[in-house]
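Breakdown of the fold
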Amino acid sequence: MRLSRYFLPVLKETPSEAQIVSHRLMLRAGMIKQSAAGIYSWLPLGFKVLRKIENIVHDEQVRAGHIPIQMPILQSADLWRESGRYEAYGEEMLRMKDRQGRDMLYTPTAEELVTDIFRAHVSSYKDLPLTLYQIQWKFRDEIRPRFGVMRGREFYMKDGYNFDLTKEDALHAYNRHLVSYLRTYERMGLQAIPMRADSGPIGGDDTHEFLVLAETGESEVFYDSEITELKFGNREIDYDDKAACRAVLEEFTSRYARTDETHDEAKFAEVPEARRRSARGIEVGQIFYFGTKYSDAMGATVQGPDGKPVPVHMGSHGIGVSRLLGAIIEASHDENGIIWPEGVTPFHCGIINLKQGDEEADAACAALEASLEALGLEPLYDDRKERAGGKFATMDLIGLPWRITVGPRGLKNGVVELTSRRTGESEELPPEEAVQKLVDIYQPHKVKGL
Ligand code: 5CA
């Protein structure tokens, strides 16, 4: 992509309405534009990162054996009357009437909708286990939308729902989700710690939230510092292996880690003092097991092995896809701008031409761009007739992890400069070697998506 042809409306001034760094940087980097309180348009750069994050989420869900579907944004209130949540959900639900006077709502979550699909089409225990998920816009009429995409009213969420014959099977689904979430966040360059939490309007007793530690986080958290040393890494996992998934859950949840909703001072005091931490965190996901709450209320049963109808055991599992952009930026930036982790960067590298209009420099940049693209990488080539300083500042602001700088002086010696956004370190090398290096760097970050 050539910057001269792209739409990247960067802001020179720091927007005064933004209180936290991720919101400021997303506005300054031209990623989003507010259209109403807590509702945003996603401009090209922001939309690209949103799609990258979404693809990683899909990749890991499909790997875990979960099946993607798409449910509507508008729902009929009738289903919610069946579960009893239409009244109970409260002011956060955006309600409306269609022209026939029927009560409708903008989906804040979809337990009822997916249970309705299940009861219409699944009747035997032989069709279990089943986990369906979607990535879809949600609306919650938050009383205080703030911090940009972090607490929006409209936001993008992955919501998955498991249907199982027994509690034991449903807890396996819970553990499977926990493992898939650990992998998902690590691929985005994040450490998200599972913490025991409160289930709120979704219901159920078993629930963990995943928190990214950040000063600007809205949740207060308490944990044993040992937990921050855990990493899932490149381990192989068989998602059908109940014991293996259970072992990962135990490894990642056996140390004290709770949000303020479930914090227990007496239990916390058992953690050696030197390891006790209280901090703030951003909730980027939550998993729930709530048994037969919805299947009882809505008559979602299957015929069990003995021929008798049994209500299915369910759980639901969410990832805050749009919130993740904010969380990643909070975790990865410096005074000059964003620093994208390789897994989610909107472009793989920037190309800066120090002397636009110089025949040799222009040709070298075009050749670099073409060879990167031929190898499946997406460069953003700043081909504008601007001062080098301005070009560097824009690249730093939008945070591409790698930059290739091309100038007549280097070209005389057959080299370009490859610079890491994270460390600021540069090396001079022939263009082909710079390309090969980028190919190697991005090799582990290939995403299959859906
Ligand atoms: N039905 C369940 C799981 S599918 C559910 O709705 N869970 S949730 O309420 O915890 O939401 C899932 C994730 O969505 C949260 O962990 C959070 O990361 C994200 N989220 C929730 N509210 C907002 C919001 N107002 N703005 C941005 N992201 C949000």
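Please read all numbers here as calculations on a predicted model, not as lab measurements. (Residues numbered from 1 in each chain as written. Predicted model: local features only at pLDDT ≥ 70, side-chain atom pairs only at ≥ 80, totals over all residues. Heavy atoms only, no water.)

With that settled, consider the pairing of strand β8 (residues 154–164). Among the eleven residues that make up β8, ten are buried, leaving the element largely enclosed by the rest of the structure. With eight bridges joining them, β8 and strand β16 (residues 313–320) adopt antiparallel strand pairing. Note on β16: the bridge partner recorded for Asp 164 is His 313. (Buried < 20%, exposed > 50% of the residue type's maximum accessible area, 1.4 Å probe, protein only. Helix = DSSP H or I, 4+ residues; strand = E, 2+ residues; numbered from the N terminus. Pairing = 2+ DSSP bridges.)

Moving on: the nonpolar core. With 80 residues, the main nonpolar core has Met 31, Trp 42, Ile 53, Tyr 185, Phe 210 and Val 284 as its most contacted residues. Per element, the largest residue contribution to this core is seven residues, and it comes from helix α6 (residues 167–187). A domain split of this core shows at least three residues from each of domain 1 (3–337) and domain 2 (347–445). Residues contacting Trp 42, with those up to four places away along its chain left out, are Met 26, Met 31, Ile 32, Phe 47, Leu 50, Trp 137, Val 149, Ser 322 and Leu 325. Leu 113, Tyr 161, Tyr 294 and Val 312 belong to the second-largest nonpolar core, a separate cluster that totals 27 residues. (Core = buried A, V, L, I, M, F, W, Y, C linked by side-chain atoms within 4.5 Å. Domains from an automatic or database assignment. Contact = heavy atoms within 4.5 Å.)

Omega for the bond connecting Leu 128 with Pro 129 falls within 30 degrees of zero, at 0 degrees, which places this linkage in the cis form. With a phi close to 60 degrees, Phe 147 is a non-glycine residue in the positive phi region. Tracing the backbone shows Phe 147 in the loop between β7 (130–139) and β8. Given the relative accessible area of 12%, Phe 147 is considered buried.

Here the focus is the sheet that holds strand β22 (residues 416–420). Across a sheet, paired strands are connected by hydrogen bonds in the backbone, their directions being either parallel or antiparallel. Taking strand neighbours across the sheet as the criterion, the five strands line up as β20-β19-β21-β22-β23 in an open arrangement whose pairing is mixed. Across the chains shown, the open sheet's two edge strands, defined by having one partner strand only, are β20 (379–382) and β23 (426–429). Here the strands of the sheet are splayed against their neighbours by 20 degrees on average, with no regard to which way each runs. By the bridge criterion, four bridges tie strand β21 (residues 402–406) to β22 in an arrangement that is antiparallel. Within β22, the residue paired with Trp 402 across the bridge is Ser 420. Where helix α12 (residues 388–398) meets the sheet, it contacts β19 (349–353), β20 and β21, and its direction lies at approximately 175 degrees from that of β19. (Axes fitted to C-alpha atoms, helices over the stretch in contact; angles between N-to-C directions.)

Before going further, it helps to examine the site of the ligand. Within the structure, the ligand sits among 22 residues, and Thr 109, Glu 111, Arg 140, Gly 152 and Glu 283 are positioned closest to it. Contact between the ligand and Glu 111: a nitrogen atom at 2.7 Å from a side-chain N or O atom of the residue. Glu 283 places a polar side-chain atom, nitrogen or oxygen, 2.4 Å from an oxygen atom of the ligand. For the ligand, whose accessible area on its own is 600 Å², the fraction buried by protein is 96%. Of the pockets mapped on this structure, the ligand occupies the largest pocket. Listing elements by their share of the shell around the ligand, those giving two or more residues are β8, β13 (276–291) and β16. Across the shell around the ligand, the residue classes tally to seven nonpolar, eight polar and seven charged. (Near = heavy atom within 4 Å. Polar contact = N/O pair within 3.5 Å; in protein donor to acceptor, adjacent residues only side chain to side chain. Areas by Shrake-Rupley, 256 points an atom, 1.4 Å probe, with all protein chains shown as cover. 1 Å grid on protein atoms, 1.4 Å probe; cavity = no way out; pocket = protein on both sides within 12 Å on 5 of 7 lines; lining within 4 Å. Sits in = over half its atoms within 2 Å of the grid points. Nonpolar A, V, L, I, M, F, W, Y, C, P; charged D, E, K, R; others polar.)

So, about the domain arrangement of the chain. Frequently, the measure chosen for interface size is the accessible area removed from exposure when the parts meet. Each assigned domain of the chain is listed here: domain 1 (3–337) and domain 2 (347–445). For domain 1 and domain 2, the distance between their C-alpha centres works out to 37 Å. Of the residues lining the interface, 15 residues belong to domain 1; the matching set on domain 2 comes to 14 residues. Between domain 1 and domain 2, roughly 1,300 Å² of surface is buried when both sides are summed, and carbon and sulfur atoms account for 59% of that area. Summed over the shared surface of domain 1 and domain 2, the result is two salt bridges. The salt bridge partner of Lys 48 is Glu 378, with a shortest N-O separation of 2.7 Å. Counting every contact that joins domain 1 to domain 2 gives seven residue pairs in polar contact (both at pLDDT 80 or more). (Buried area = accessible area lost by both parts, 1.4 Å probe. Salt bridge = Lys/Arg side-chain N within 4 Å of Asp/Glu carboxyl O.)

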